[in-house]
Amino acid sequence: MLVRTGGTYTHVDYVQDRCGPSEVVQIGTDFAPAGSADGYAMTITAAVLDHGGADLSVLVAETVSLRPQGV
């Protein structure tokens, strides 16, 4: 997962504990993610929701058009 905070990026590797170590890797300031060739990008929002008294971690993925409206 790639996380953007302000103008910096961080790479988060979440791995099940029996498969390997999880880690957070800082990415250099010269990094810029690749642009979308088809005019769309994806945003992902992380949240923790109450699910019957238990915390449920969720990721919401949303496709966003980079094209001006009406085009």
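Structure first, text after, so check above.
All of these numbers come straight from a predicted model, not from anything done at the bench.

A. Up close: the overall build of the chain. Along its length, the chain carries 0 helices and 5 strands. Listing every helix and strand of the chain by position from the N terminus yields β-β-β-β-β. Against the 2.2 N^0.38 benchmark of 11 Å for 71 residues, the chain shows a C-alpha radius of gyration of 16 Å, more extended than a compact globule. Considered along the principal axes of its C-alpha atoms, the chain spans approximately 45 × 35 × 25 Å. The buried share among the 71 residues of the chain stands at 4%. The long-range share in the chain, meaning contacts at least 24 apart out of those at least 6 apart in sequence, stands at 22%.

B. Broad picture of the environment of Ala47. Within the secondary structure, Ala47 is located in strand β4 (residues 40–51). Excluding residues within four positions of it along the chain, Ala47 makes contact with Leu56, Ser57 and Val58.

C. The arrangement of the sheet that holds strand β1 (residues 2–5) in detail. The 3 strands are arranged β1-β2-β3 in an open sheet whose pairing can be described as antiparallel. Sheet topology places β1 and β3 (23–26) at the edges, where each strand pairs with a single neighbour. In this sheet, neighbouring strand axes are inclined to one another by 30 degrees on average, regardless of whether the strands run parallel or antiparallel.

D. The side chain of Thr10, seen in detail. Positionally, Thr10 belongs in strand β2 (residues 8–13). Of note is the side chain of Thr10, whose polar atom sits 3.3 Å from the side chain of Gln26. Excluding residues within four positions of it along the chain, Thr10 makes contact with Met1, Leu2, Val3, Val24, Val25, Gln26 and Ile27.

Conventions and cut-offs
- Residues numbered from 1 in each chain as written.
- Predicted model: local features only at pLDDT ≥ 70, side-chain atom pairs only at ≥ 80, totals over all residues.
- Heavy atoms only, no water.
- Helix = DSSP H or I, 4+ residues; strand = E, 2+ residues; numbered from the N terminus.
- Rg over C-alpha atoms; globule rule 2.2 N^0.38 Å.
- Buried < 20%, exposed > 50% of the residue type's maximum accessible area, 1.4 Å probe, protein only.
- Contact = heavy atoms within 4.5 Å.
- Pairing = 2+ DSSP bridges.
- Axes fitted to C-alpha atoms, helices over the stretch in contact; angles between N-to-C directions.
- Polar contact = N/O pair within 3.5 Å; in protein donor to acceptor, adjacent residues only side chain to side chain.

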